[in-house]
Amino acid sequence: QVQLVESGGDLVQPGGSLRLSCAASGSLFNMYAMGWYRQAPGKQRELVAHISSGGRRNYTDSVKGRFAISRDNAKNTVYLLMNKLKSEDTAVYYCNARWGDRVVWGQGTQVIVSS
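Residues numbered from 1 in each chain as written. Predicted model: local features only at pLDDT ≥ 70, side-chain atom pairs only at ≥ 80, totals over all residues. Heavy atoms only, no water.

Novice: Which residues make up the pattern of salt bridges, and what values go with them?
Specialist: Applying the stated criterion across every chain yields a total of four salt bridges. With a shortest N-O distance of 2.7 Å, glutamate 46 and arginine 38 are connected by a salt bridge. Residue glutamate 46 is classed as partly exposed on the basis of its relative accessible area, which comes to 30%. According to the relative accessible area criterion, arginine 38 is buried, its value standing at 6%. We note a salt bridge from aspartate 89 to arginine 66, for which the minimum N-O separation is 2.8 Å. Here the residue aspartate 89 occupies a position in the loop between strand E8 (77–82) and strand E9 (91–99), and arginine 66 occupies one in the loop between strand E6 (57–59) and strand E7 (67–72), the gap between them amounting to 23 residues. Across the pair, arginine 66 and aspartate 89 agree in class, each one buried. Each of Arg38, Glu46, Arg66 and Asp89 takes part in a single network of salt bridges with overlapping partners. (Salt bridge = Lys/Arg side-chain N within 4 Å of Asp/Glu carboxyl O. Buried < 20%, exposed > 50% of the residue type's maximum accessible area, 1.4 Å probe, protein only. Helix = DSSP H or I, 4+ residues; strand = E, 2+ residues; numbered from the N terminus.)

Okay, structure coming up:
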């Protein structure tokens, strides 16, 4: 199965932008559906964005119009572009890969939105 490493988390000001990356190692990355999840302090983990192996995208309502998920199968990488960031976007963001009953999680990357 694949292994996932997230990067790109940072401290940014409200209204700013940030791009997260999730690099996968292993084989058959193109067969996996990929997702970004986040967990804020005191809150449950939630799905932020999802992209299927065929490129179909879904977003949670709170980020629609602001975030964009994409994948580059040639680079075995999935991205999350975050625009117009809000303080409530502060969380640890996790990358997820799924192919049938195979599920893999990354280690997470911290995003802090604060002035």
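Text resumes after the structure shown.
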